[in-house]
Amino acid sequence: MNKILMTAAMLGASGSTFASSLDEKINEVVAPIVNPFVGMIFSSIPLPFTDVQAPWIVLWLVIAAVFFTAYMGFINIRGFKHAVKIVKGDYADPKDSGDVTPFQALSTALSGTVGLGNIAGVAVAVTIGGAGATFWMILAGLLGMSTKFVECSLAVKYRTYNPDGTVSGGPMYYLSQGLEKRGNAALGRTLAVLFSIFAIGGALGGGNMFQANQAYKQVVGVTGGDLSFFADKGWLFGLLLALLVAFVIIGGIKSIAKVTAKVVPFMAITYVGAALVILAMNYNLIDDAFAQIINGAFTGEGITGGVIGVLIQGFKRAAFSNEAGVGSAAIAHSAVKTKEPISEGYVSLLEPFIDTVVICTMTALVIIITGQLGSGLAGVELTSAAFGSSISWFPLVLAVAVVLFAFSTMISWSYYGLKAWTYLFGESKKAEMAFKLMFCTFVVIGASMNLGPVIDFSDAMIFSMALVNIVGLYIMAPEVKRDLKDYLLRLKNGEIKEQGKEAAKLAKQ
């Protein structure tokens, strides 16, 4: 913790002018190095028979989602009811090994995806693609459920147990062990190491510095702008946020899960509740809003023009929001208390549904119904104006939501980065503490500096995780399909039984 205080003091003592000049110097050095990599990951390719270009990484994610949905027999639809029962604890056994309950695992994973993308990203999608982008966003969210099913089932199956009884799992483990079992040990180790490197970079950047930076800007905005107490004290805000993050993550996954299990439902209920209030106030416009969404989806009423252009905007936002295929959520789900890997695959189905189908759709509906679409605003400003047009004080609530979203995302990504770090450097208290101190230091840096190229680079690293992860998912998909068939057979024969209310109550404790 002393390192955090020293870093904060160094940043704060020199003032905002020094920080600004340091930003520029770092950006000048970093940009020429990282820009080619960023450009490669987010580059667009022309689609056949159209004049539209699409980011190839989005196509990579969407094609995988379509494949896994078909290959797993539309598990995203037929498995939904069973997923809800598992999260409720109906099949939970208090004797199962693991660190967290299915509900806590789901909350932790959701806290890593539900965030600024649901507030600002959706606004960007409908601004560019029109109301119709919402339809394709919902469809992509439904398809992404199948990808999450495959990666989270594998994460539990190939997790390892540490000497202290804790669990480590995620793509780095199923890539190395799963491919080794198929005679591709070298490929598996290579993919696992690459995934870990990308995960660490993504955790420190997009999962940390970007979140701290956006939370800081939102707080300054609602507390007076240039006149705000925090206007030139990003380092102080970052220090306070770092201390809160440290307080949670020092306790490990159990501490993180307990916090997210409370914060995520609160965030979701508050945000969706406000949206429902606005929809109720404008109930006579709901039919027209859905008509705009359906018509726009197939007529291309957006700045991009054309159905394919609108489709890409919707798919892009869904892919960037729920991270299906990135492999991050699989790390959280691997810590669940269960002896049935497939059961956690079912739980993970709910993640893209809540993140994209519910929360992102609510944002889009409010923007459309309040008539703010086409107002000239974009991003979080558009969302804030849409909610504020019906609830005058909601921009303040939105600021609180942004901070909570950022905080929950940071503590979840700290765990993702930690597990990638310990995979590379070994499971030890020293290794864990070194990463946690580094992570908290980056919180202060993120809040007090504007490192554009660094953040762009970390975002590119997050989606590089998907590039590596999905290769492994394709290879191991037949194994998951066999496990699913066996699970369903045992469920049908009564070998997998509901534990009853008392057992479920104990499992939740």
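Keep in mind it's a predicted model, so treat the numbers as computed, not measured.

Caption draft 1: How the structure looks around the overall build of the chain. Each helix and strand counted, the chain has 22 helices and four strands in total. The contacts in the chain between residues at least 6 apart in sequence include a share of 83% that link residues at least 24 apart. For the chain, the exposed area adds up to about 20300 Å²; of that, 66% sits on carbon and sulfur atoms.

Caption draft 2: Geometry of empty space enclosed by the protein. This structure, assessed with the given rule, holds two cavities of 30 Å³ or more. In this model, the largest cavity occupies a volume close to 80 Å³. Around the largest cavity, the lining residues are Leu61, Val62, Ala65, Ala140, Leu143, Gly144, Phe315, Ala318, Ala319, Asn322 and Ala324. Elements supplying a minimum of two residues to the lining of the largest cavity: α3 (56-71), α8 (133-157) and α14 (307-322). In terms of residues, the lining of the largest cavity owes the most to one element, α14, which gives four residues. Tallied by class, residues from the lining of the largest cavity come to nine nonpolar, two polar and no charged.

Caption draft 3: Quick look at the pattern of salt bridges. Counted under the stated rule, the structure contains eight salt bridges. Here Lys148 and Glu351 are joined by a salt bridge, their closest N and O atoms 2.5 Å apart. A residue pair is termed long-range when its members are at least 10 positions apart, and Lys148 in helix α8 and Glu351 in helix α17 (residues 350-369) qualify at 203 residues. Across this residue pair, the class does not change: Lys148 and Glu351 are buried. Two residues, Glu479 and Arg182, come together in a salt bridge whose shortest N-O distance is 2.2 Å.

Caption draft 4: Representation of the nonpolar core within the structure. Judged by nonpolar contacts, the single largest core of 145 residues is most densely connected at Phe149, Tyr174, Tyr346 and Phe439. Ranked by residue count, the leading element in this core is helix α19 (residues 394-425), at 15 residues. Excluding anything up to four places from it in sequence, Phe149 contacts Met72, Ile75, Ile342, Gly345, Tyr346, Ser348, Leu349, Val480 and Leu484.

Caption draft 5: Focus on the side chain of Asn469. Considering the arrangement of structural elements, one finds Asn469 in helix α21 (residues 452-493). A polar atom in the side chain of Asn469 sits 2.8 Å from the backbone oxygen of Gly325. When neighbours within four sequence positions are excluded, Asn469 is seen to be in contact with Glu151, Pro171, Tyr174, Leu175, Phe195, Gly325, Val326 and Gly327.

Caption draft 6: Focus on the packing of aromatic side chains. Summed over all chains, the structure comprises 18 aromatic pairs. Measuring from ring centre to ring centre gives 4.8 Å for Phe80 and Phe353, while their planes differ by 65 degrees; the resulting arrangement is edge-to-face. Placement of Phe80 in helix α5 (residues 80-88) and of Phe353 in helix α17 is noted, with a sequence separation of 273 residues between them. Taking the centre distance of 5.6 Å and the plane angle of 85 degrees together, the rings of Phe149 and Tyr346 count as edge-to-face. Of this pair, Phe149 sits in helix α8 while Tyr346 sits in helix α16 (residues 341-348), and the two are 197 residues apart along the sequence. In this structure Phe149 comes out as buried when scored by relative accessible area, which is 0%. Residue Tyr346 is classed as buried on the basis of its relative accessible area, which comes to 3%. Among the aromatic side chains, those forming a connected cluster through ring pairs are Trp60, Phe67, Phe68, Tyr71 and Tyr474. Stacked on the ring of Tyr71, the Lys or Arg Lys481 has its end atom at 4.3 Å from the ring centre.

Caption draft 7: Examining α16 more closely. The buried fraction of α16 amounts to seven of the eight residues, a majority that puts the element mostly inside the structure. By the burial criterion, the buried members of α16 are Ile342, Ser343, Glu344, Gly345, Tyr346, Val347 and Ser348.

Caption draft 8: Spotlight on α3. If you check α3, its first and last C-alpha atoms are 22 Å apart, about what 16 residues at 1.5 Å a residue would give, namely 22 Å. Inspection of α3 places Ile57, Val58, Leu59, Leu61, Val62, Ala64, Ala65, Phe68 and Thr69 among the buried residues, and these make up the whole buried set. The positive-phi residue at the C-terminal boundary of α3 is Gly73, with phi of around 65 degrees.

Caption draft 9: Region of interest: the environment of Thr101. Residue position: Thr101 is located in the loop between α5 and α6 (102-113). Counting along the chain gives 15 residues from Thr101 to Ile86, while the straight-line C-alpha distance between them is 9.9 Å.

Caption draft 10: Focus on unusual backbone geometry. The phi dihedral of Phe74 is positive, around 55 degrees, even though this residue is not glycine. Tracing the backbone through its elements, the reader meets Phe74 in the loop between α3 and α4 (75-78).

Caption draft 11: Representation of the packing of α17 against helix α18 (residues 379-388). At their nearest, the axes of α17 and α18 sit 9 Å apart, and the two run at 65 degrees to each other. Taken together, α17 and α18 sit at an angle that is classed as roughly perpendicular. The handedness of the crossing between α17 and α18 comes out as left-handed. Two secondary-structure elements touch here, α17 through Thr363, Val366 and Ile367 and α18 through Leu382, Thr383, Ala386 and Phe387. Residue classes in the contact of α17 with α18 are distributed as five nonpolar, two polar and no charged.

Caption draft 12: Summary view of the packing of helix α11 (residues 234-249) against helix α20 (residues 429-448). The contact between α11 and α20 brings their axes to 7 Å, and the two run at 150 degrees. What the angle tells us is that α11 and α20 run roughly antiparallel. Between α11 and α20 lies a crossing whose hand is right-handed. Contacts between α11 and α20 pair Gly234, Trp235, Phe237, Gly238, Leu239, Leu241, Ala242, Val245, Ala246 and Ile249 from the former with Lys436, Phe439, Cys440, Val443, Val444, Ala447 and Ser448 from the latter.

Reading the values: the criteria
- Residues numbered from 1 in each chain as written.
- Predicted model: local features only at pLDDT ≥ 70, side-chain atom pairs only at ≥ 80, totals over all residues.
- Heavy atoms only, no water.
- Helix = DSSP H or I, 4+ residues; strand = E, 2+ residues; numbered from the N terminus.
- Contact = heavy atoms within 4.5 Å.
- Areas by Shrake-Rupley, 256 points an atom, 1.4 Å probe, with all protein chains shown as cover.
- 1 Å grid on protein atoms, 1.4 Å probe; cavity = no way out; pocket = protein on both sides within 12 Å on 5 of 7 lines; lining within 4 Å.
- Points joined across faces, edges and corners; volume = space filled by probe spheres on them.
- Nonpolar A, V, L, I, M, F, W, Y, C, P; charged D, E, K, R; others polar.
- Salt bridge = Lys/Arg side-chain N within 4 Å of Asp/Glu carboxyl O.
- Buried < 20%, exposed > 50% of the residue type's maximum accessible area, 1.4 Å probe, protein only.
- Core = buried A, V, L, I, M, F, W, Y, C linked by side-chain atoms within 4.5 Å.
- Polar contact = N/O pair within 3.5 Å; in protein donor to acceptor, adjacent residues only side chain to side chain.
- Phe/Tyr/Trp six-rings, centres within 6.5 Å; stacked < 30°, edge-to-face > 60°.
- Lys NZ or Arg CZ within 6 Å of the ring centre and 35° of its normal.
- Expected span 1.5 Å × (residues − 1).
- Axes fitted to C-alpha atoms, helices over the stretch in contact; angles between N-to-C directions.
- Parallel < 35°, antiparallel > 145°, perpendicular 65-115°, else oblique.
- Left-handed = near helix turned anticlockwise from the far one by under 90°.

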